[in-house]
Amino acid sequence: MFVVDSTVVVPDHKADDLIHIYRNRSKLVDQAEGFLSFQLLQNDRKPGELTVHMEWESKQAYLNWARSEQFKKIHELEKRYPDEELQGIVPKVKKYEVVAT
């Protein structure tokens with residue numbers, strides 16, 4: 001299994017706006033071959049710190065998604081957030097190979 005975590009930090013007062021965006025996400029990734037799950041996590045001590053946690057069958061499945069037209073489409077939508085503060089957020093991405101369960 002392969003895990004990708006993408007963390008952003010927004011002002012605390014913008015956290016609910018971003019949560020709303022993710023609750024209404026396109027779900028294109030859900031249809032990708034090898035996709036297993038998506039969760040949006042909120043830091044319990046820092047409400048403006050949000051992490052998209054995705055699980056994939058393999059690193060190759062994730063790489064196939066990351067190179068796809070659907071991936072590009074989703075990330076183009078992010079550039080058009082209605083809120084300028086959210087448009088400029090840059091995620092910190094970490095990738096992990098699951099080596100034990």
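A brief structural summary. (Residues numbered from 1 in each chain as written. Predicted model: local features only at pLDDT ≥ 70, side-chain atom pairs only at ≥ 80, totals over all residues. Heavy atoms only, no water.)

**Structural notes on the packing of aromatic side chains**
This structure, assessed with the given rule, holds six aromatic pairs. Taken together, the aromatic side chains of Phe 2, Phe 35, Trp 56, Tyr 62, Trp 65 and Phe 71 make up a single cluster linked through ring pairs. Note that Arg 25 overlies the ring of Phe 38, its terminal NZ or CZ placed 3.8 Å from the centroid. (Phe/Tyr/Trp six-rings, centres within 6.5 Å; stacked < 30°, edge-to-face > 60°. Lys NZ or Arg CZ within 6 Å of the ring centre and 35° of its normal.)

**Description of the environment of Leu 40**
Secondary-structure assignment places Leu 40 in strand S2 (residues 35-42). For Leu 40, a relative accessible area of 26% translates into the label partly exposed. Distance in space between the C-alpha atoms of Leu 40 and Met 54 is 8.8 Å, their sequence separation being 14 residues. In contact with Leu 40, not counting residues within four places along its chain, are Ile 19, Tyr 22, Leu 50, Thr 51 and Val 52. (Helix = DSSP H or I, 4+ residues; strand = E, 2+ residues; numbered from the N terminus. Buried < 20%, exposed > 50% of the residue type's maximum accessible area, 1.4 Å probe, protein only. Contact = heavy atoms within 4.5 Å.)

**With respect to the side chain of Lys 14**
Inspection of the secondary structure puts Lys 14 in the loop between strand S1 (2-9) and helix H1 (15-23). Aside from chain neighbours lying at most four places away, what touches Lys 14 is Asp 83, Glu 85 and Leu 86.

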